[in-house]
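Reading the structure
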Amino acid sequence: MSWISDIDWAGVLIQGALIGGLYALFAIGLSLAFGIMRLVNIAHGDLIVLCAYVAMIVVNATGVHPLWSIAVVVPVMFVAGYLMQRSLLNFTLGPSILPPLLVTFGISVIIQNVLLEVFGADTRRLNAGAMETASITLPGDVTVGVFPLVIFSVALLSLGSLQYLLYRTKLGRAFRATSDDAGTAELVGINNRHLYCVAMGIAMAFTALAAVLFSIRTSFDPSSGAINLIFAFEAVIIGGLGSLWGTLVGGIILGVSQSLGGSVVGPLVSDLIGNPVAAQWQILTGHIVFIIVLIVKPDGLFPRIRD
Amino acid sequence: MKTENKPEQKSANRGRRNTLKTLAVGAGTLAAPVLMLKPAHAQSRTIKIGFVSPQTGPIAAFGEADKFVLDGVKAALAKGINVAGKNYPVEIISKDSQSNPNRAAEVTNQLINNDKCDIILGSSTSDTVNPVASQCELAGVPCITSDNPWQAYFFGRKGDPKKGFEWTYHFFWGFDTIAEVFMNMWESVPNNKVVGTLFSNDPDGIAANEGLPGAFKARGFSVVNQGLYTGTTNDFSAQIAAFRKANAEIVMGVFTPPAFATFWTQCGQQGFRPKIATPAKALLFPSAVEALGARGAGMTTEVWWSPSHPFKSGLTNQTARQICDEYTKVTKRQWTQPLGFKHATLEVAIDVLKRAKALDAASIRDAIVATNYQSLVGPIQWKTGPVKNVCLTPLVGGQWKPGKNFKYDLHIVNNLSAKNIPIDSKMDALKS
């Protein structure tokens, strides 16, 4: 067990927290749509991949650095989100959460297959040059990638700006009112249908932001959507449905548990059973923590919504 | 559960029908009326070949060349083929497994029960190959598969080496060969012989995790095995830290392309720079290497087929290079390894049908067993394989290097395991 004293705890925690930022960024769109409309968006992962392809088109057409493609992809996806809500999802909203679940599942299947038909099965990636592998060394000999730091900072900024939008602006007040009681909000003159479209537009704008960073971080193909969905869901649920900062905390808890799983729990189990299984325990530990949170606090850590 | 039971029932019926058919044929030699009926049937009959392959889903890249290959083979079969002295038109029915084992089993059942195929072909990874073969074995339909390491095919289907399977036959290389090819490559470049390994938690990775680390140790490499990673892993910091601590100069694993892209980027961020990186499965396709950007140069991988392979199609008489060139001309895309195996699977089946003494399952099966054929991927015969149903094809080592017409070209850099396949260039260590 000599390896326990060798564990680079600071490194494990920092890398885990940075991954948490990525999960939180993935989850913002999901959290927003659920918080305001009670819409569980199964297509969220595939929408991230769709945004990544849009970013790829922009980069290929203009030759700009992938980060600049944000300036195009985010507004385009805002409009796309608005239209998707207006022409389709608004009709599914009602007392039951099942219709939007089924419709977004259909959207997920359609997006995957249209992308495959149009772009083929090739693995793609946006190339950000030296930035991808650049790193800085923190005191205590912890090497941290610059790009994961960028992702984490963008997650913080996104949550901060959403916080401002929801709690300091008129639009935000309308969102909160609709979220609390859609019927009463309509009585005082709020156009819920329009508001939902704006909410989906904003959710898609943040999804687009996450997608550009994701497509620089790793490669993607038409079927990579589902992989992104599960951690986003877990982050939202650990943090508490509809709670923005809870989503970040949820993401970090998930990321750190996985990191501990790979560096501490996994090696420990490997020692116990005499078989190398360290990597297996990485994701598993995250899922176990998720289940523990569900058992101990079924509403998540910071529940905002009580039905 | 109802729908799941149905195919089984159907296959049971099919089995019974086959028995009846065999009985009828047997009786036919005695009873004249049956003989009289047969020619009238044969005239209108079409030979049907079922072809199952992953054309959509996570491993759709393996099925990318299907259309090109099928078009070429169909053109070569325009005049039909002669079986037992009669000419028959041939129909190839292509089905998409959607990279999903359940779907693969379902479409195979359709091919067996609705289309009544004479022979069924499957290719590309356990998720498609194994269910296709299992359904055929169950229904007593002759089946030829390829493009899946043979242990994953044979033991993945709980095959008993003593008995083997009756209806299903496979050609590809095995994990023992890939271990040998990788070590041949590693020994050609100076390094400290410390290997860090990591495997994907899927049938390919699990089989590799059981066999490869032991094989490396047996030949004097020290191995730091991190075991199986889950497909959804976004962070490899823990594994990289372990490799770095052990000072591994070689990294080997079974990866999906996105997982390897994440892993390799993080290696760069965390200052881990091995001399050799050999991710199996992840870098078979040029697009996956291009996705790594400049850091894709120098990656090493297994090569099961390439334009340099000195083999010819027995069906169209084209060499490997001619087929690759034509593929690039028609599709404007770089050649890929499944191209050769998809073509070979079809041409082997056609050779089998041509040699069949009659168009019934047992005669076709006997023709498969008797195969001795020079295909686009090398000689195919099932008499000399490691187990009854497996024929081995050659495997060599390759390295991705900056290319001329495309961003990266796959060079064959080590052929110690199959000397008849020429080397394109010498292997280089990764630049640190």
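Residues numbered from 1 in each chain as written. Chains lettered and ligands numbered in written order. Predicted model: local features only at pLDDT ≥ 70, side-chain atom pairs only at ≥ 80, totals over all residues.

Turning to the overall build of chain B, a few remarks are in order. On a plain count of helices and strands, chain B comes out with 14 helices and 17 strands. For chain B, the proportion of contacts with a sequence separation of at least 24, taken over those separated by at least 6, is 71%. (Helix = DSSP H or I, 4+ residues; strand = E, 2+ residues; numbered from the N terminus. Contact = placed C-beta atoms within 7 Å.)

When its secondary structure is counted, chain A shows 12 helices and 2 strands. Shown N-terminal to C-terminal, the secondary structure of chain A runs as helices and strands in the order α-α-α-α-α-β-β-α-α-α-α-α-α-α. Radius of gyration (C-alpha) of chain A: 20 Å, near the 19 Å computed for a compact globule of 307 residues. Out of the 307 residues belonging to chain A, those deemed buried represent 54%. Of all intrachain contacts in chain A linking residues separated by at least 6 positions in sequence, the fraction that spans at least 24 positions is 75%. (Rg over C-alpha atoms; globule rule 2.2 N^0.38 Å. Buried ≥ 20, exposed ≤ 12 C-beta atoms within 10 Å, placed from the backbone.)

In this complex, chain B contributes 36 residues to the contact, which on the side of chain A involves 38 residues. Breaking the side of chain B that touches chain A down by element, the ones donating at least two residues are β9 (222-229), α9 (237-245), α10 (257-269) and α11 (286-290) of chain B. Element by element, the count of residues in the side of chain B that touches chain A is highest for α10 of chain B, at 8 residues. For the side of chain B that touches chain A, the per-class residue count stands at 13 nonpolar, 21 polar and 2 charged. (Nonpolar A, V, L, I, M, F, W, Y, C, P; charged D, E, K, R; others polar.)

All names here are of chain B. Taken together, the 6 strands give an open sheet; going across it, the order is β4-β1-β5-β6-β7-β15, and neighbouring strands pair in parallel fashion. Two strands lie at the open edges of the sheet, namely β4 (90-96) and β15 (390-391), each paired on one side alone. Strand direction decides the pairing type here: strand β1 (residues 47-53) and strand β5 (residues 119-123), joined by 4 bridges, are parallel. Within β5, the position partnered with V52 by the bridge is G122. Contacts from helix α13 (residues 337-355) reach β1, β5 and β6 (143-146) within the one sheet, and its direction differs from that of β5 by about 160°. (Pairing = 2+ DSSP bridges. Axes fitted to C-alpha atoms, helices over the stretch in contact; angles between N-to-C directions.)

As a further point, take the nonpolar core. If you look at the biggest cluster of nonpolar residues, it comprises 135 residues, and the most contacted ones within it are I119, I120, V141, C143, A349, V352 and L353 of chain B. Of the residues forming this core, the biggest block, 9 residues, is contributed by α13 of chain B. Built from parts of two domains, this core gets at least three residues from each of domain 1 (2-173 + 310-391) and domain 2 (176-303 + 396-414) of chain B. If you look at the next biggest cluster of nonpolar residues, it comprises 90 residues, including A43, M77, L213 and L241 of chain A. (Core = buried A, V, L, I, M, F, W, Y, C linked by C-beta atoms within 7 Å. Domains from an automatic or database assignment.)

Moving on: the packing of helix α2 (residues 9-37) of chain A against helix α6 (residues 146-168) of chain A. Residues and elements named next belong to chain A. At a minimum axis separation of 8 Å, α2 and α6 run at an interaxial angle of 45°. Considering the angle they form, α2 stands oblique to α6. Crossing of α2 over α6 shows left-handed handedness. Counting all contacts with α2, which are made through L18, G21, L22, A24, L25 and I28, the residues of α6 involved are P148, L149, I151, F152, V154, A155, S158, L159 and L162. The residue inventory of the contact of α2 with α6, partitioned by class, reads 13 nonpolar, 2 polar and no charged. (Parallel < 35°, antiparallel > 145°, perpendicular 65-115°, else oblique. Left-handed = near helix turned anticlockwise from the far one by under 90°.)

Now for helix α12 (residues 320-331) of chain B. Residue and element names in this part refer to chain B. The terminal C-alpha atoms of α12 lie 16 Å apart, and with 12 residues this matches the ideal 16 Å at 1.5 Å per residue to within 8%. Listing the buried residues of α12 in full gives A320, I323, C324 and Y327. Summarising the axial view, the buried residues of α12 lie within an arc of 100°, below the 170-degree limit, and thus occupy one face. Where α12 is buried, its residues touch α3 (66-76) and α13. (Expected span 1.5 Å × (residues − 1). Arc of directions from axis to C-beta.)

Turning our eyes to something else, we now look at the domain arrangement of chain B. Residue and element names in this part refer to chain B. When cut into domains, chain B gives domain 1 (2-173 + 310-391) and domain 2 (176-303 + 396-414). Listed per partner, the contact involves 11 residues of domain 1 and 10 residues of domain 2. Residues that form the side of domain 1 that touches domain 2 fall into these classes: 4 nonpolar, 7 polar and no charged.

A few words on the sheet that holds strand β11 (residues 276-280) of chain B. Residue and element names in this part refer to chain B. Spatial strand order, β9-β8-β10-β11: 4 strands in an open sheet with parallel pairing. At either end of the open sheet lies a strand with only one pairing partner, and these are β9 and β11. Each strand of the sheet is rotated relative to its neighbour by a mean of 15°, with strand direction disregarded. With 5 bridges joining them, strand β8 (residues 194-200) and strand β10 (residues 250-254) adopt parallel strand pairing. Bridged to V195 within β10 is I250. The strands that helix α7 (residues 175-187) touches are β10 and β11; relative to β11, the one it contacts most, it runs at about 165°.

Our next topic: helix α9 (residues 192-217) of chain A. Over its 26 residues, α9 of chain A runs 37 Å from end to end, which matches the ideal 38 Å to within 8%, given 1.5 Å per residue. With 22 of 26 residues buried, α9 of chain A is to be regarded as a mostly interior element.

Residues and elements named next belong to chain A. Here L39 lies in the loop between α2 and α3 (44-62). Accessibility expressed as a C-beta count within 10 Å gives 26 for L39, which makes it buried. As for L39 and T104, which are separated by 65 residues in sequence, their C-alpha atoms are 9.3 Å apart. Ignoring anything within four residues of it in the chain, the contact list for L39 reads A33, F34, L89, L93 and P100.

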